[in-house]
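# Structural overview for review
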Amino acid sequence: QFSRAAALLEKGLADGTLENSRRNWELLASAYQQTSRDEQSLATLERAVNAFPQDASLEFSLAQTLYGTGRVAEAYARGQAAVAKPGLDKPGQSNLYLAYLAYELQRYDEAAKWVEAARTAGGVPAATLDPLAKAVNDAQRERAALQTPAS
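The shown structure was predicted, so the numbers you read here are calculated from the model rather than taken from an experiment.

With that settled, the discussion passes to the overall build of the protein chain. Scanning the protein chain from terminus to terminus reveals 8 helices and 0 strands. Overall, the protein chain shows an N-to-C arrangement of helices and strands of α-α-α-α-α-α-α-α. For a compact globule of 151 residues, the expected C-alpha radius of gyration is about 15 Å, and the protein chain comes in at 19 Å, more than 25% above that figure. In terms of principal-axis extent, the alpha carbons of the protein chain reach across some 70 × 30 × 25 Å. Counting only residues that meet the buried cut, the protein chain has 36% of its 151 residues in that class. For the protein chain, restricting intrachain contacts to residue pairs at least 6 apart in sequence, the fraction spanning at least 24 positions comes to 54%. Of the side chains in the protein chain, 16 bear a positive and 18 a negative charge, and the two mean positions are spaced by 2 Å.

Here the focus is the packing of aromatic side chains. Per the counting criterion, the structure on display carries 3 aromatic pairs. Centre to centre, the rings of Phe 60 and Tyr 97 are 5.1 Å apart; their planes meet at 65 degrees, and the pair counts as edge-to-face. Residue Phe 60 is found in helix α4 (residues 56-68), and its partner Tyr 97 is found in helix α6 (residues 91-104); the two are separated by 37 residues along the sequence. For Tyr 97, a relative accessible area of 17% puts it in the buried group. Centre to centre, the rings of Tyr 67 and Tyr 97 are 6.3 Å apart; their planes meet at 75 degrees, and the pair counts as edge-to-face. Of this pair, Tyr 67 sits in helix α4 while Tyr 97 sits in helix α6, and the two are 30 residues apart along the sequence.

Counting residues in each nonpolar core, the largest one holds 38 residues, and the members touching the most others are Leu 28 and Leu 101. Breaking this core down by element, the ones donating at least two residues are α1 (2-15), α2 (22-34), α3 (38-51), α4, α5 (72-84), α6, α7 (108-121) and α8 (126-147). Ranked by residue count, the leading element in this core is α6, at 6 residues. The contact partners of Leu 101, leaving out residues within four places of it in the chain, are Tyr 67, Val 72, Ala 75 and Tyr 76.

On to α4. Counted at 1.5 Å a residue, the expected span for α4 with its 13 residues is 18 Å, and the 18 Å between its end C-alpha atoms agrees. Among all positions of α4, only Ala 56, Ser 57, Leu 58, Glu 59, Phe 60, Leu 62, Ala 63, Thr 65 and Leu 66 are buried. Those residues of α4 that are buried lie in contact with α2, α3, α5 and α6. A distance of 3.0 Å separates the backbone nitrogen of Ser 57 from a side-chain oxygen at the start of α4, and that oxygen is part of Asp 55. Two residues or fewer past α4, Gly 70 is found with a positive phi of approximately 85 degrees.

This next bit is on the environment of Lys 11. As for its position among the elements, Lys 11 is in helix α1. A polar contact of 2.7 Å, which involves the side chain of Lys 11, links it to the side chain of Asp 15.

In this section: the pattern of salt bridges. Counted under the stated rule, the structure contains 13 salt bridges. A salt bridge links Glu 10 to Arg 47; the nearest nitrogen and oxygen atoms lie 2.8 Å apart. Of this pair, Glu 10 sits in helix α1 while Arg 47 sits in helix α3; the two residues are 37 residues apart in sequence, bridging distant segments of the chain. By relative accessible area, which is 21% here, Glu 10 ends up partly exposed. Residue classification places Arg 47 among the partly exposed residues on the basis of a relative accessible area of 35%. Between Arg 141 and Asp 138 there is a salt bridge, with its nearest N and O atoms 2.5 Å apart. Taken together, the positions of Arg 141 and Asp 138, both in helix α8 and 3 residues apart, correspond to about one turn of that helix. In this structure, a network of salt bridges that share partners links the residues Arg 22, Arg 23, Glu 26 and Asp 55.

Criteria and cut-off values
Residues numbered from 1 in each chain as written. Predicted model: local features only at pLDDT ≥ 70, side-chain atom pairs only at ≥ 80, totals over all residues. Heavy atoms only, no water. Helix = DSSP H or I, 4+ residues; strand = E, 2+ residues; numbered from the N terminus. Rg over C-alpha atoms; globule rule 2.2 N^0.38 Å. Buried < 20%, exposed > 50% of the residue type's maximum accessible area, 1.4 Å probe, protein only. Contact = heavy atoms within 4.5 Å. Lys, Arg positive; Asp, Glu negative; His and termini not counted. Charge placed at Lys NZ, Arg CZ, Asp CG, Glu CD. Phe/Tyr/Trp six-rings, centres within 6.5 Å; stacked < 30°, edge-to-face > 60°. Core = buried A, V, L, I, M, F, W, Y, C linked by side-chain atoms within 4.5 Å. Expected span 1.5 Å × (residues − 1). Polar contact = N/O pair within 3.5 Å; in protein donor to acceptor, adjacent residues only side chain to side chain. Salt bridge = Lys/Arg side-chain N within 4 Å of Asp/Glu carboxyl O.

See the structure below:
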């Protein structure tokens with residue numbers, strides 16, 4: 001069913017019989033994901049971002065899909081692009097996501113900034129933020145200890 005849906009959506013978006021809307025692009029990307037065609041899903045989301053360059057949610061969906069394919073650095077870059085755009089749904093959650101990505105990439109100073117941005121944006125409970133903030137702080141301390149010459 002998803003393969004058929006993907007084919008119909010692709011055709012409709014290409015020939016104009018379907019509305020060129022964010023929702024239709026998301027449905028097409030999802031249909032590709034459901035059929036394990038991750039590269040086509042990514043390409044679809046990239047096309048959608050190009051069609052709707054100011055849509056932060058599409059950019060964020062692309063970031064999440066990139067992460068799902070193991071492309072963490074690219075996901076982080078797209079996530080940053082998403083939060084820089086106006087109108088992002090749930091900015092606190094988006095900042096939290098970027099904090100986790102930065103932590104995974106061992107960019108601890110950036111992770112700390114994203115944790116604070118998530119706190120400021122709201123919508124994320126302290127019970128979620130505090131353990132990540134502690135992990136980031138611990139990682140920063142460990143890194144600093146390794147860089148400090150022994151006396």
